Every structure is written in C-alpha cells, then in structure tokens.
Amino acid sequence: MAETEEILAVIPQVETLEMDVKKFAEGLPYWSKYLADKILSGNSISDADIDTSYNYLLEEQNLKEATEKPAIIIKYNNVNAEAYKQNLLLTRLRNVEGVNALTENQIIEFSPNLTIIYGTNGSGKSGYVRLMKQVFYSKERENILSNIHIDIPKPITAEFIFKSNDANISLEYENRENAEFEQFAVFDNKGLIKQLRDKNEFEFRPAGLSFFAEFTEAINRIEQKRNIETAKISSDNIYTDLFEGESEIKTAIQNLSDTTKIEELKKKYIPYSEMDKNRKAEVQKEYDELLLASKGKDKEVRNLENVKKLLGENKLSIEKLNQYFTTECLAKIKNAITDWINKEATAKAEGIEKFKTDKIENIGTVEWKNFIIAADTFAKKQKIENRNYPENGDYCLLCHQPLSKDAENLITNYWSFIKSIAEENAKKAQEILVKITSSYEKLNFDLFPDDNTLTVWLTEKYSKELESIKQQLATQRTLSENIINDVQNKIESQRAELKVDTASYTIIETAIDDSIKAFQNEEQSKKLKELLDGKTYLEHKEKFNNHFSKFETFVNNQIWLKKVNRINFGKRQITDNEKSLSNKYFNQRYINTFNEECRKLNGHFGVEINHTGAGGKSYRQLKLKGKNPNEILSEGEQKVIAIADFLAEMQLSEINRGVIFDDPVTSLDNDRKKQIAERLAEQAKSKQVIIFTHDLIFFYHIKNFSKKYLDGIENCLFHHAVEKDSLLCGKIIANTSPANEGQYHNPTKAEEWLRKSKKSDGNEKVDFAKAGLSALRSSYEALAIFTILGGTVQRFDPQIRIGRLKDIKYEKNAVQTVVEKHGEISDMIEGHLPSDEFGVIPSPEILEQQINDFKNIKEQLKNIQ
C-alpha cells in the first residue's frame, strides 16, 4: 500500500478543467464554498440555500453567533449535463397557430442530417424562423405577431417533436424553457451586425466554465440579500430632534456612530437621580424670574436689531443702483449707441441702395425694414412643400396677383438683405440697446415708502439724512430716464457718474449698535445664559436616560452596517479565475476552430478575436486592424466571418445538436454561395442542419454537395416547399422543391408513407398518413404539370415551354376528377382537427384508397390520344 502511494505521488497528475474548478471551490470561504458545493453537485440554488449561506457569512464576520457547521467535501458532479441529450434530433414541427399569416395545421418533417425549406419572398419562411428564434438560441430574437387574418386572434401555439434514443419527446411552445430547446441555435442576418460590432457572450462553452456564471449569480443573490437587510437599518441619526437647545449631551447624540463608546456615555450620564430632578426645578424657577425682569429691555433690543437689518438691506439696494451709474457703465451705454449707429450705417450702405426707386419713398428706414422682416415671417407660414416662397409663379402676399420674374427676384433679394451679415450685426446691436433700455426701466428708486418701518424710524430719528438720500435717488431717477431717452433715440450723450452717498448708513448703524449695548446688562445676560445652560443640561440628561436603549441600538446597528458593508464577495476573484481557465481550456480552441472555419469558407481576412470576462462570463469581440469588421469588410465578407464565428461556437458546444439558417447567402455572389453551401452540407454529417432559403442557385449547390458528404446515409436530405395561399402563407408542400418535382410522376413517396403508417400507431399513424396524403397531393400536381399540361408550365420554372404544347392531354371529365381529388386530399390535410365533430382523420386505409384512385386516373389520362 505504501509503495503504491509513493508511486502515485511521483506520477504527474493530468490537469483538467474539472480539477481546476474543484480546486478553486475548495479554496473559498465556508459561506461561499457552501454555494459552490451545491452548484458542482448539480443542484439549483434555492432561496433557503441563499439564507443559509448568508447566515454563515454573518457568522464569519462575527455579526452573528457561531453555529456548528458540517464539513464540506467538494465533489464535481455535472448533473446538469444529464438534462442535455447527446443524440437529440428535431424531427417535426406541427400544429402552429396564432402566428401572423401562417396557414394552420401544417407539418414540417426534418431530416436527421440536412433539411432545406425553399420558398419565395413572402411565402412564410420568416414566420417559421421567428417562431424558431423564440424557442432556440438566437442573437437577435424577434417578436411574433399574432395572426391578423382571423377574426379572433389565437394565442401562439406550436408542437416541437424531438427524438432521443428512439423515443419521441413532444414539447409545446409554452415549454420553451426545457433543455431540449437549448440544444439548437438559429443564425440569421438580423443578428449579423450585433455579432460583428458588439461584444458577444459565449453562450455555449465547456460545462465547467458555466459554473462561474452560476456561482456569480448566487453571489449576486447573497449581495442582494445583504443590501435588502442593510436597507432596513437606517444610518440616519433621527435622535437629535429629541433635544432642544445645546449641551454636551446633545453633541454626543449628534455624533453617534459606529465608533461611539456607548458604555462610556452610559457611565457618564446615567442615572437621572432625584437630586438631578430637584436641581432642575430650582434652576427653572430662578431662570423664569430673571427672564421676566429682562423682557421689557429685550423687546426694545429686538426692535433696534430689526431696524438695523432693514437698514442693511436698503443700503444693499442703493449699492446695486449705483452700479448702473458708474463712469464705466455709462461709457458702455454710449459705446453701444455708437456701435449701433455705425452698424446701421454699414447695413444701409451695403444693401439698401439697390432697392431705392423713385416710385416708393423712405426706402431703408426702420419702418421699411420692419415691413420686409414681417413679410419674410408671413411667407414662411405658407404651406409650400419642399420649396421656399417665392418660386414658380407664386402670388403676391399683399395683392394676390401673380408674381413676374422680376418681382420674384426682388423679393428674393429682400430675403438675402435681411439675412446679410451687416444687417445681422445691426440687428444684434439693436438687441443690446433693447436689453439696456429694459434693465433701466426695471430699476426701483422708491426705496422709502411712507408706511415702511424703516422710513418711519428714519423720519423720526434721522430725517435730514433721509431727505438727502431721497434727493440723490430722485436725481438718479432723472439720469435713468435720460439714459433711456438716449438709447431709444440713438443719441451719443456724455453722461457724468452719479452715485448715492452711503456714508450716512455707517453712522446710523454705529448709533444703533451703541443703543443696543446700552440696553443690555452684561451681568444679567451672563446669569441668564448660565441658568439656561444648566436647565438645558438637566433636561437633556433626563431624556438621555429615557431613550438610552434607542441610542444603544442605533450605535450597535452602525457597527453592524460598517462590518457588513465591508464584506468582500470575491466577485473579482471569480471573474479572474473564470478568465484564466477560459484562456487555458477554451479560448485558444475557439480561435483555432474559428480560423479553421474561415479557411473552409475562404474567409482569411485577418480577423482577430479579443477575449474579456465579467460577472463569471466570457465575451469575445471580433476586430480587424483595431476596427469592427462591419466597418471594413464587404457584405459578403461580413457574412462569411459571421457564419465562421457561429459555426465555431457551435462546434465547441458540448450540448448543441443542430443549427438553423435563415437565408444565409442573401446578396452574395455565386462563389460565396457555393463555399457556404459546401460547408453547411459538410456540417450536416455531425449536426442536424436546417436551412430556409429563397435562393435557387444556393438550393442546388446544397443539394449537390449533400451527395458528396451525405451519400449512403438514409433520409439524409429532406426538401420541402413553402408557399403562399391567398392571404395566408406558410403552406408546407412536403417533399416538394425545385429539386424533386419529377419524382412525383408516380405515387412512390405516398406509398412509402403508407408503409410507415401501417407499422405505427397513435399520433404517428395519423401523421404518416397525412404526410402520405401530402405526397399524393404533390403527385396530383405533378400529374397536372407533366401529364395534363405536358410540362409546358412548371412551378419553379419561369419559362413557358411552347414546344411541349403538343404533349398536352386534356379530357374534361378526367381533368375535373383530378381537380376534385386534389381538393378532397387538401381538405383532409388542412381541414378540421381530429376532435372536431365532422373531421376526417387521415388513416392508412384512406391513404391506400386515395393511392389506388390516383393510379386509375393516371392510367385513364395516359390512354387519351
């Protein structure tokens, strides 16, 4: 035994992703290790698990009494992987209802390898793709519109049939959260720009790396619980309002925090004794008696303090008025008038001469310009689409007569004139003058109303000084009116500075201060303050004792909040480890796979891949010489890169079993179509591939390459047609496409479905019978195309083959029978559900009878000469 252990000790251990993840989990603190163990054991994290982990966290931070904890032994058991099936296939889509414009009760059968669904634009492909993008992974999901072509909209329903280990799995649209839906992915052009421009999360990665995203989510839930708990505990100190006045006790309460030594405060201010109570009563009585004696003097002091306040406000108003009459301010006004005169003269000189005429007087005056500006404003209100007035024989805005060409030119020149730089400068200069006028008109010189408290007091005490100030204000008012007149009449006057003298205010304020001091008795004030402070202290001490438990709780809560808010949840550590392991086990594999896909698609454009991590997730961003590829590459090159990126991620996915493409070669040239067709046909060897397309060339390329890569594989290629029928679209013509119209000359396909139906039971018996009827309907259509019409007109061929007119075989009764049988079969395929009272359920017996009828009709037509 000892020898075996020694040998094992020297054998190097092979590192695996699972081992590294386990090592990371084992090094975590107990509270988070508890969560990691749950995830790695394959369990989902419940709310109870979050509560348990959170309590362990509080114990670790000494915020809760420690409990006995069970030992945690990390075991990596990827149970979640069991939800995904290694051999999963999507075999059928049926019972689609409520999707805009799609015909109901259609069935799409999917090949285990390659399925092509062909249809022209507007045939309904997009409806089916939107449905698949809602249930399967897609970078750009689209909302599904309800079917507007029915009176009462139905809810969206669809049945997806999967197969695993020969067992069918039927899932409804509403079950799209099931794991089976996660194993398929959709590529379409709408997600291409996002794929090439933005950072994209790796949706499919090794399961071990997925642990970090789940673990981060669990940690986020712990952090959220912490935030909810802390939000319940207020950090606002609301207890200061309990205390009126000031004291050392109030200061202590104001400063309550996590650092407060609450026991020291308790020792200092508790208890509130009987002696304290008696002393408080004595101090209150002495304070009240002294306060009553001082109240008369206090009233006079308050009056003087109010007058002093009003005097200060009045002085401030005068100082503001003085700013409007300084030498500097008056010079600016004169300069503004001069500036307007000069700019107005320039505007006249540059633009008005060409408008002067002996027919109209006063050209260039202010009234003339205002008239032009008003006309321009009115012209802009005319409803003239996509052009300006005047033009193309418009009418005069004043006389309503048609404008001549000269008149149009004159008006156009008017517009140019009022928009000219010189005119604009003159206009701005005028705006400045308007602002000056407005500011002086708003000045208030009535600072001493008769009933004003300050006016009454100054009239009684300082009437001479008051009269002097009033006279100076009146002189300022006159100067203000003269300034307004200068501005309005554009007079360049030289005005002298005029300021109201405020020296008397200082004299009056000093006198008021002296009067207040005279009323105040310093010793009395000191005594009152001393008594008030003593009374306040004892009141505060009493309240401190009454509310001490609240203060103690508040301090303990602040200590708890400080500790719990300092908790490091280790999210950076999670991201760093995820990024490190992603680089070690995944990123380079992805780069290699991406480059290989680019090689297969002839897409070596020098695209680089940048990897980043956040929140336990990995992201990639494609770059080409530092720029987004969609800014540099052509549309075809962009599509190749996007497909390579998509296929690379799906290749590395441990769970992906199928890929779905919606018109992947739109707008591409033939070479690109061929390259992509070959790659998708090759991909169908290892994954289920479903392609929706309207491109015939692409369709034939895929069909041809399927022979190269899928030859010898049973049911390796299905191809269906999707068509529009009246208002509705999305009608599935099973096993029909541009590639196989000819194979329906005989009911061979219908007979194959008949054999399957006879060997099956339940829903499959009905579905196979319905598929056989669908194939037989295609045979009737082939009968119409190739026998009755002699191949003159074919569904997917735009040409009319005139030379085949001679092959037409027409006999009215036989043709009428073909029409009736086609309609009869269509009713059985697309008619009522089996639960309807009069519905006909397709069965092997019905299918067999219909096949025999077809053979008889065909023989009848064949014998027509």
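Residues numbered from 1 in each chain as written. Predicted model: local features only at pLDDT ≥ 70, side-chain atom pairs only at ≥ 80, totals over all residues. Heavy atoms only, no water.

Draft legend 1. Structural view of the overall build of the protein chain. Along its length, the protein chain carries 27 helices and 14 strands. Looking at the 865 residues of the protein chain, the share that counts as buried comes to 44%. Approximately 46800 Å² of the protein chain is accessible, and the part contributed by carbon and sulfur atoms is 48%. (Helix = DSSP H or I, 4+ residues; strand = E, 2+ residues; numbered from the N terminus. Buried < 20%, exposed > 50% of the residue type's maximum accessible area, 1.4 Å probe, protein only. Areas by Shrake-Rupley, 256 points an atom, 1.4 Å probe, with all protein chains shown as cover.)

Draft legend 2. Inspection of the nonpolar core at higher detail. In terms of nonpolar packing, the biggest core is built from 39 residues, with Leu-114, Phe-646, Phe-661, Ile-676, Ile-691 and Phe-698 touching the most fellow members. Considering every element that reaches this core, the biggest residue donor is helix H21 (residues 635-652), with 10 residues. Look past the residues within four positions of Phe-661 in its chain and what remains in contact with it is Phe-187, Ile-643, Phe-646, Leu-647, Leu-680, Val-689, Ile-690, Ile-691 and Phe-692. Core analysis: the second largest hydrophobic core is formed by 37 residues, Cys-329, Ile-333, Tyr-440 and Val-500 among them. (Core = buried A, V, L, I, M, F, W, Y, C linked by side-chain atoms within 4.5 Å. Contact = heavy atoms within 4.5 Å.)

Draft legend 3. A look at the sheet that holds strand S11 (residues 658-662). An order of S4-S7-S11-S12-S3-S13-S14 is seen for the 7 strands of this open sheet, with the pairing classed as mixed. Of all the strands in the sheet, just strand S4 (137-138) and strand S14 (728-733) have a single pairing partner and so form its edges. Pairing between S4 and strand S7 (residues 184-188): 2 bridges, direction parallel. Note that in S7 the partner of Tyr-137 across the bridge is Ala-185. Across the sheet, helix H5 (residues 125-135) lies against strand S3 (114-118), S4, S7, S11, strand S12 (688-693), strand S13 (717-725) and S14, angled at about 140° from S12, the strand it touches most. (Pairing = 2+ DSSP bridges. Axes fitted to C-alpha atoms, helices over the stretch in contact; angles between N-to-C directions.)

Draft legend 4. Looking closely at the packing of helix H24 (residues 748-759) against helix H27 (residues 844-862). Between H24 and H27, the shortest axis-to-axis distance is 10 Å and the interhelical angle comes to 160°. By the angle between their axes, H24 is roughly antiparallel relative to H27. For the pair H24 and H27, the crossing hand works out as left-handed. In this structure, H24 contributes Ala-750, Glu-751, Trp-753, Leu-754, Ser-757 and Lys-758 to the contact, and H27 contributes Pro-844, Leu-847, Glu-848, Ile-851 and Lys-855. Here the contact of H24 with H27 is composed, by residue class, of 6 nonpolar, 1 polar and 4 charged. (Parallel < 35°, antiparallel > 145°, perpendicular 65-115°, else oblique. Left-handed = near helix turned anticlockwise from the far one by under 90°. Nonpolar A, V, L, I, M, F, W, Y, C, P; charged D, E, K, R; others polar.)

Draft legend 5. Up close: a nonpolar patch on the surface. A grouping of Leu-789, Ile-808 and Tyr-810 is seen on the molecular surface, where their side chains present a nonpolar patch of about 280 Å² in accessible area. Mapping Leu-789 onto the fold places it in the loop between helix H25 (762-788) and helix H26 (812-830). With a relative accessible area of 36%, Leu-789 lands in the partly exposed category. (Patch = residues over 30% accessible without salt bridge, like charges linked within 9 Å, V, L, I, M, F, W, Y side chains within 5 Å. Salt bridge = Lys/Arg side-chain N within 4 Å of Asp/Glu carboxyl O.)

Draft legend 6. Structural detail: helix H9 (residues 262-269). Taken residue by residue, H9 has Ile-262, Leu-265 and Tyr-269 as its buried positions. All buried residues of H9 project into a common sector of 60° when viewed along the axis, lining one side. Facing away from the buried side of H9 by more than 90 degrees, the exposed set consists of Glu-264 and Lys-267. (Arc of directions from axis to C-beta.)

Draft legend 7. Focus on the sheet that holds strand S5 (residues 157-164). A sheet is described by the order of its strands in space; here 4 strands give the open sequence S2-S1-S5-S6, paired in antiparallel fashion. Each edge of the open sheet carries a strand with a single partner, namely strand S2 (107-109) and strand S6 (167-172). This sheet shows a mean twist of 15° between the axes of neighbouring strands, independent of strand direction. The sheet contact formed by S5 and S6 spans 6 bridges and is antiparallel. For Ser-164, the partnering residue across the bridge sits in S6 and is Ala-167. Along the sheet, H25 makes contact with strand S1 (89-97), S2 and S6, crossing S1 at roughly 80°.

Draft legend 8. Broad picture of the pairing of S7. Burial within S7 is extensive, with 5 of its 5 residues counted as buried. Inspection of the sheet shows S7 paired to S11 by 5 bridges, in the parallel sense. Bridge assignment links Ala-185 to a residue of S11, and that residue is Val-659.

Draft legend 9. Focus on the confidence of the model for the protein chain. Mean pLDDT over the protein chain stands at 82; residues scoring 70 or higher make up 83%. When mean pLDDT is taken per element in the protein chain, S12 scores highest with 96 and helix H1 (residues 2-10) scores lowest with 43. pLDDT under 50 marks residues 831-838. Its contacts with residues more than four places away, or in other chains, come to 7 contacts. (pLDDT = per-residue confidence, 0-100.)

Draft legend 10. Looking closely at the packing of aromatic side chains. Per the counting criterion, the structure on display carries 31 aromatic pairs. On the numbers, 5.4 Å between centres and 55° between planes, the contact of Phe-187 with Phe-646 is tilted. You can see Phe-187 sitting in strand S7 and its partner Phe-646 sitting in helix H21, a full 459 residues away along the chain. Of the residues examined, Phe-187 reaches a relative accessible area of 2% and is grouped as buried. Among the aromatic residues, those joined into a cluster by ring pairs are Tyr-239, Phe-243, Tyr-269, Phe-544, Phe-548, Phe-551 and Phe-554. Residue placement shows Lys-490 over the ring face of Trp-340; its charged tip is 4.7 Å from the ring centre. The positively charged end of Lys-756 is found above the aromatic ring belonging to Trp-753, 4.4 Å away from the centroid. (Phe/Tyr/Trp six-rings, centres within 6.5 Å; stacked < 30°, edge-to-face > 60°. Lys NZ or Arg CZ within 6 Å of the ring centre and 35° of its normal.)

Draft legend 11. The arrangement of the side chain of Thr-260 in detail. Note on placement: Thr-260 falls in the loop between helix H8 (248-254) and H9. Since its relative accessible area comes to 16%, Thr-260 is described here as buried. A polar contact is formed between the side chain of Thr-260 and the backbone oxygen of Asn-255, at a distance of 3.5 Å. When near neighbours in sequence (up to four residues on either side) are disregarded, Thr-260 contacts Asn-255, Leu-265 and Val-555. (Polar contact = N/O pair within 3.5 Å; in protein donor to acceptor, adjacent residues only side chain to side chain.)

Draft legend 12. Seen up close, helix H4 (residues 47-60). For H4, built from 14 residues, the straight-helix expectation of 20 Å at 1.5 Å per residue is met to within 8% by its first-to-last C-alpha distance of 20 Å. Looking at H4, one finds that the buried residues are Asp-49, Ile-50, Ser-53, Tyr-54, Tyr-56, Leu-57, Leu-58 and Glu-59. One or two positions beyond H4, positive phi appears at Asn-62, with a value near 60°. (Expected span 1.5 Å × (residues − 1).)

Draft legend 13. Representation of the environment of Ala-784 in the model. Tracing the chain through its elements places Ala-784 in helix H25. Among the residues examined, Ala-784 registers a relative accessible area of 25% and is labelled partly exposed. Linking Ala-784 and Val-818, residues 34 residues apart in sequence, is a C-alpha distance of 8.1 Å.

Draft legend 14. Here's a closer look at the environment of Glu-319. Along the polypeptide, Glu-319 turns up in helix H10 (residues 274-322). Glu-319 sits in the partly exposed class, given a relative accessible area of 34%. Along the chain, Glu-319 and Val-500 lie 181 residues apart, while their C-alpha atoms are 8.0 Å from each other.

Draft legend 15. Highlighting the packing of H21 against helix H22 (residues 670-683). At a minimum axis separation of 11 Å, H21 and H22 run at an interaxial angle of 10°. The pairing of H21 with H22 is recorded here as roughly parallel in orientation. Mapping the contact onto sequence places Glu-637, Val-640, Ile-643, Leu-647 and Gln-651 in H21 and Arg-672, Ile-676, Arg-679, Leu-680 and Gln-683 in H22. Residue classes in the contact of H21 with H22 are distributed as 5 nonpolar, 2 polar and 3 charged.

Draft legend 16. Structural view of the pairing of S11. Counted residue by residue, S11 has 5 buried out of 5 residues, so it is predominantly covered. Burial along S11 is two-sided: Gly-658, Ile-660 and Asp-662 and Val-659 and Phe-661, pointing in opposite directions, are all buried. With 5 bridges joining them, S11 and S12 adopt parallel strand pairing. Along S12, the bridge assignment pairs Phe-661 with Ile-691. Tracing the backbone out of S11, into H22 and back to the parallel element S12 gives a crossover that is right-handed. (Right-handed = clockwise from strand over helix to strand, strands pointing away.)

Draft legend 17. Structural context of the environment of Ile-373. Within the element layout of this structure, Ile-373 appears in helix H12 (residues 366-380). Once the C-alpha coordinates of Ile-373 and Trp-415 are considered, the two residues, 42 residues apart in sequence, prove to be 8.2 Å apart.

Draft legend 18. Representation of the pattern of salt bridges within the structure. If you walk through the whole model with that rule in mind, you get 44 salt bridges. Of the charged contacts in the structure, one is a salt bridge between Asp-49 and Lys-38, with a shortest N-O distance of 3.8 Å. Of this pair, Asp-49 sits in helix H4 while Lys-38 is found in helix H3 (residues 30-40), placing the two residues 11 residues apart along the sequence. Between Glu-848 and Lys-758 there is a salt bridge, and its shortest N-O distance comes to 3.4 Å. You can see Glu-848 sitting in helix H27 and its partner Lys-758 sitting in helix H24, a full 90 residues away along the chain. Assessed through its relative accessible area of 32%, Glu-848 is described here as partly exposed. The exposure class assigned to Lys-758 is partly exposed, which follows from its relative accessible area of 45%. Members of the salt-bridge network, linked through shared partners, are Arg-92, Arg-94, Glu-109, Glu-159, Glu-764 and Asp-767.

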